[in-house]
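Working through the structure, step by step
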Amino acid sequence: MNRNKQTEILGGIITVIVLILLIFLSNVEVNKLSYLESAASSIINPIQRVFIDLRNKIQGNSAYFSNMETIMQENEELKKKNSELETILREFEMLKAENTTLQEYMNLTDKYSSYQTIPAYVINKDVSNFSSTLILNVGTKDGIRENMTVIADKGLVGHIISVTENTCKVQVIIDSASTVSSSISTTNDSIICKGTLENDQILRASYIPTGAELIQGDSVYTSGIGGIYPKGIVIGTVKEIITTSNITDRYAIVEPAVDFSKIDTVLIINE
Amino acid sequence: MRKILTVLGLIIVFLLIYFFQVNFFSSFTIAGIKPNLFIIYVLFIGLFANQVLGISLGVIFGLIIDFLYGKAIGPSAVMFCVIGYLGSYFDKNFSKENKMTIIFMVAGATFIYELGVYFLNSIILVFEREMLYFIKIVLIETLYNVLLSIILYPIIQKIGYVIDRNFKKNNILTRYF
């Protein structure tokens, strides 16, 4: 009986110590623990890559035709090139628009004249229902740093929240903890796009100025305010405007340009 | 020696469950909602092994998940610690033989874990809580977890009693008489 009490007290003390440690850990900056993260990901990710390869092989099982493999390789390269070209095209369009509206600030546009990008593959996705993060196959070795912007062929994906030697973690814009400062293409009104738990294929645009006139189908771009995302990257289009009895409460549903359920290759903007 | 082997075995099973969760259950969903096998696993470690093991393995597994996917380090570790403790608490107070109690244990653990992780994340990362949608997702996830635990329970029970024998030699009979 006495021993039972002792172990109970011991268990209680251990629990308290563990909890205090955890509170401490959760307040420590993630950077300082990156070696632990490195260890965890270097155990898990090589095995995960084997699974991904296996799955890719099963999905592409017609590859036993002898020349299929080369075609697929070529296709892959072309896809990558295509996505790069599309970003360049988009950037060109944006620059053109910017040029006409901001001719007097010609020097400013130089800043975004060219994005240097690093291509990457998605090797893992979040297991939870309440958050969406992606794990990419590039890390500090490839020159990746925290807070870099991640884009895909059609638009914005998210930003990097932590880096290890060989992998990095991306917080996707549809994550419920993500907020992006953005502006509407036609009127240049600034809004805030938030991820929502309601649906993992939409964003909720709130803080719409009372004087702003939103139109269904308007494009939404990043505004560059906030310091993480550069200006002028496509986020999506306005799908629906929900008006409430009070005009300050109204919000819009924005459909992201990127299909996050099928995402497998991304580009990281190297500023 | 036996205890060390059991702990190693439990860690290997964790890795197996991890790959199952990532590669299989990410596409095998109910209305787009994935189950969470880790909750069931940590709960059963708490149930069948002892309190210290349930809590410490819970913290280790939670930290691994936080390192791999988390936006902040800590929430999963804290909540798995709670689930490990909850497992041993259930073990002291309820029977493991009855399917109804198992259903309630898994449902309760899933709900508490997800609620805790969501709240801790919202406090650390400062975002708006959307309780209505949260509850909708949690209910489906709980249902999925309960279904899985009913299907898997015969296997878990067999392995569980092996672990139970290794960790609680003396009090297995006295608890019921």
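Predicted model only: the values in this text are computed from it and were never measured.

Let's talk about the overall build of chain A
Within chain A one finds four helices and 12 strands. When the 271 residues of chain A are sorted by exposure, 31% land in the buried category. Contacts in chain A between residues far apart in sequence, at least 24 positions, make up 56% of those at least 6 positions apart.

Comments concerning the interface of chain A and chain B
Taken together, the contact pairs 34 residues of chain A with 34 residues of chain B. Where the side of chain A that touches chain B is concerned, the elements lending two or more residues are helix 1 (2–27), helix 2 (34–59) and strand 1 (116–125) of chain A. With nine residues, helix 2 of chain A is the largest single contributor of residues to the side of chain A that touches chain B. Split into classes, the residues belonging to the side of chain A that touches chain B amount to 16 nonpolar, 13 polar and five charged.

Points about the sheet that holds strand 5 (residues 168–172) of chain A
Residue and element names in this part refer to chain A. The sheet built from six strands closes into a barrel, its strands ordered 1-2-5-4-3-12 with antiparallel pairing. The mean inter-strand angle of the sheet, taken between neighbouring strand axes irrespective of direction, is 45 degrees. Pairing between strand 3 (residues 149–151) and strand 12 (residues 265–270): two bridges, direction antiparallel. Bridging across to strand 12, Val-150 finds its partner in Ile-268.

Points about the pairing of strand 2 (residues 133–136) of chain A
All names here are of chain A. Both faces of strand 2 are covered, namely the face carrying Thr-133 and Ile-135 and the face carrying Leu-134 and Leu-136. Bridging between strand 1 and strand 2 involves three bridges; their strand directions are antiparallel. Within strand 2, the position partnered with Asn-124 by the bridge is Ile-135. The sheet contact formed by strand 2 and strand 5 spans four bridges and is antiparallel.

A closer look at unusual backbone geometry
In this model, A:Asn147 sits at a positive phi of 65 degrees, which is unusual for a non-glycine residue. Within the secondary structure, A:Asn147 is located in the loop between strand 2 and strand 3. A:Asn147 gets classed as exposed once you count the C-beta atoms within 10 Å, which come to 12. Although it is not a glycine, B:Ala31 sits at a positive phi angle of roughly 50 degrees. Relative to the helices and strands, B:Ala31 resides in the loop between helix 1 (2–23) and helix 2 (37–48).

Examining the packing of helix 2 of chain B against helix 3 (residues 51–69) of chain B
All names here are of chain B. The geometry of helix 2 relative to helix 3 is characterised by a closest axis approach of 8 Å and an angle of 160 degrees between their N-to-C directions. The angle between helix 2 and helix 3 falls in the class roughly antiparallel. In the packing of helix 2 onto helix 3, the handedness of the crossing is right-handed. Between helix 2 and helix 3, the residues in contact are Phe-38, Val-42, Ile-45 and Gly-46 and Leu-53, Gly-54, Leu-57, Gly-58, Phe-61 and Ile-65, respectively. Class assignment for the residues of the contact of helix 2 with helix 3 results in seven nonpolar, three polar and no charged.

Examining the sheet that holds strand 9 (residues 219–222) of chain A
Residues and elements named next belong to chain A. Reading around the barrel, the six strands line up as 6-7-8-11-10-9 and close back on themselves, with antiparallel pairing between neighbours. On average, each strand axis in the sheet is inclined to that of its neighbour by 40 degrees, with strand direction left out of account. Relative to strand 10 (residues 234–242), strand 9 is paired through three bridges, and the arrangement is antiparallel. Bridge pairing in strand 10 links Ser-219 to Thr-237.

So, the nonpolar core
Ranked by size, the top nonpolar core spans 51 residues in total, and within it B:Val42, B:Leu43 and B:Ile83 carry the most contacts. Of all elements in the fold, only helix 1, helix 2, helix 3, helix 4 (75–93), helix 5 (99–125) and helix 6 (131–167) of chain B reach the threshold of two or more residues within this core. Every residue in contact with B:Leu43, bar those within four places of it in the chain, is listed here: B:Ile83, B:Leu86, B:Gly87, B:Met105, B:Val106 and B:Ala109. Core analysis: the second largest hydrophobic core is formed by 42 residues, A:Leu156, A:Val157, A:Ile235 and A:Tyr251 among them.

Regarding the packing of helix 1 of chain B against helix 6 of chain B
Helices that pack against each other are described as a pair by the angle of their axes relative to one another and the distance between those axes. All names here are of chain B. One can describe the packing of helix 1 onto helix 6 by two numbers: an axis separation of 10 Å at closest approach and a directional angle of 145 degrees. At the point where helix 1 passes helix 6, the crossing takes the left-handed sense. When helix 1 is examined against helix 6, the residues Arg-2, Lys-3 and Thr-6 are found in contact with a partner set consisting of Ile-163, Asn-166 and Phe-167. Taken together, the residues of the contact of helix 1 with helix 6 break down into two nonpolar, two polar and two charged.

Examining helix 3 of chain B
Residues separated by three or four positions in an α-helix point in the same direction, a consequence of the helix having 3.6 residues per turn. Between its first and last C-alpha atoms helix 3 of chain B spans 27 Å; for 19 residues at 1.5 Å apiece the expected length is 27 Å, and the two agree. Taking burial as the measure, the 19 residues of helix 3 of chain B include 16 buried ones, the bulk of the element.

Regarding the environment of A:Ala120
Residue and element names in this part refer to chain A. With respect to the element layout, Ala-120 can be found in strand 1. For Ala-120, a count of 22 C-beta atoms within 10 Å translates into the label buried. Residue contacts for Ala-120: discarding those within four places in its chain leaves Leu-136, Asn-137, Val-138, Val-266 and Ile-268.

Basis of the calculations
- Residues numbered from 1 in each chain as written.
- Chains lettered and ligands numbered in written order.
- Predicted model: local features only at pLDDT ≥ 70, side-chain atom pairs only at ≥ 80, totals over all residues.
- Helix = DSSP H or I, 4+ residues; strand = E, 2+ residues; numbered from the N terminus.
- Buried ≥ 20, exposed ≤ 12 C-beta atoms within 10 Å, placed from the backbone.
- Contact = placed C-beta atoms within 7 Å.
- Nonpolar A, V, L, I, M, F, W, Y, C, P; charged D, E, K, R; others polar.
- Pairing = 2+ DSSP bridges.
- Axes fitted to C-alpha atoms, helices over the stretch in contact; angles between N-to-C directions.
- Parallel < 35°, antiparallel > 145°, perpendicular 65-115°, else oblique.
- Left-handed = near helix turned anticlockwise from the far one by under 90°.
- Core = buried A, V, L, I, M, F, W, Y, C linked by C-beta atoms within 7 Å.
- Expected span 1.5 Å × (residues − 1).

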